[in-house]
Amino acid sequence: MLVLTRKKGESIMIGDSIELVVIGVEGDLVKLGIRAPKSVEVYRKELYDSIQSSNKEATERSVLAQDLSAFFKKDK
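Residues numbered from 1 in each chain as written. Predicted model: local features only at pLDDT ≥ 70, side-chain atom pairs only at ≥ 80, totals over all residues. Heavy atoms only, no water.

K.L.:
I would appreciate a short explanation of the overall build of the chain in the present structure.
P.N.:
The secondary structure content of the chain amounts to one helix and three strands. Secondary structure elements in the chain, listed N-terminal to C-terminal, are β-β-β-α. Burial status across the chain gives 8% buried among its 76 residues. In the chain, once contacts between residues fewer than 6 apart in sequence are set aside, the share between residues at least 24 apart is 0%. Carbon and sulfur atoms provide 56% of the accessible area of the chain, an area that totals close to 7100 Å². (Helix = DSSP H or I, 4+ residues; strand = E, 2+ residues; numbered from the N terminus. Buried < 20%, exposed > 50% of the residue type's maximum accessible area, 1.4 Å probe, protein only. Contact = heavy atoms within 4.5 Å. Areas by Shrake-Rupley, 256 points an atom, 1.4 Å probe, with all protein chains shown as cover.)

K.L.:
It is not clear to me how a nonpolar patch on the surface should be interpreted in this structure. Could you clarify?
P.N.:
On the surface, a cluster of nonpolar side chains totalling about 280 Å² of accessible area is made up of Val25, Val30 and Leu32. Turning to its location among the elements, Leu32 is positioned in strand E3 (residues 29-35). (Patch = residues over 30% accessible without salt bridge, like charges linked within 9 Å, V, L, I, M, F, W, Y side chains within 5 Å. Salt bridge = Lys/Arg side-chain N within 4 Å of Asp/Glu carboxyl O.)

K.L.:
Explanation requested: the pairing of strand E2 (residues 18-26) in the structure shown.
P.N.:
Consecutive side chains of a regular strand alternate in pointing toward one face of the sheet and then the other. Of the strand pairs in this sheet, strand E1 (residues 11-14) and E2 are connected by four bridges, and their pairing is antiparallel. Paired with Met13 across the strands is Glu19, a residue of E2. What sits between the antiparallel neighbours E1 and E2 is a turn of three residues, in which Gly15 has the positive phi angle 65°. Taken together, the seven bridges between E2 and E3 define a ladder with antiparallel strand orientation. Bridge assignment links Glu26 to a residue of E3, and that residue is Leu29. (Pairing = 2+ DSSP bridges.)

K.L.:
Sorry, what's going on with the pattern of salt bridges here?
P.N.:
Pairing is possible between side chains that carry opposite charge, provided their charged atoms lie close to one another. Enumeration over the complete set of coordinates arrives at four salt bridges. We note a salt bridge from Glu10 to Arg6, for which the minimum N-O separation is 3.7 Å. Judged by relative accessible area, Glu10 falls into the partly exposed class, the value being 29%. In this structure Arg6 comes out as partly exposed when scored by relative accessible area, which is 37%.

Written as structure tokens, this is what we have:
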């Protein structure tokens, strides 16, 4: 993990097209601004993890549905 120190108004570049800007610091909270192309999806980590978990569950359910479909086709 790269650890950097930035002050309010300073920024960090990720590649050529993503910029993280420190908007403010209040106590233990840091407010960040993110400039990125619209094609880049930006999520809070906890939301990203939830999406990944939901996608995994949906894939597993899809496999179960395919298995059931194949099972019922065998009887015909």
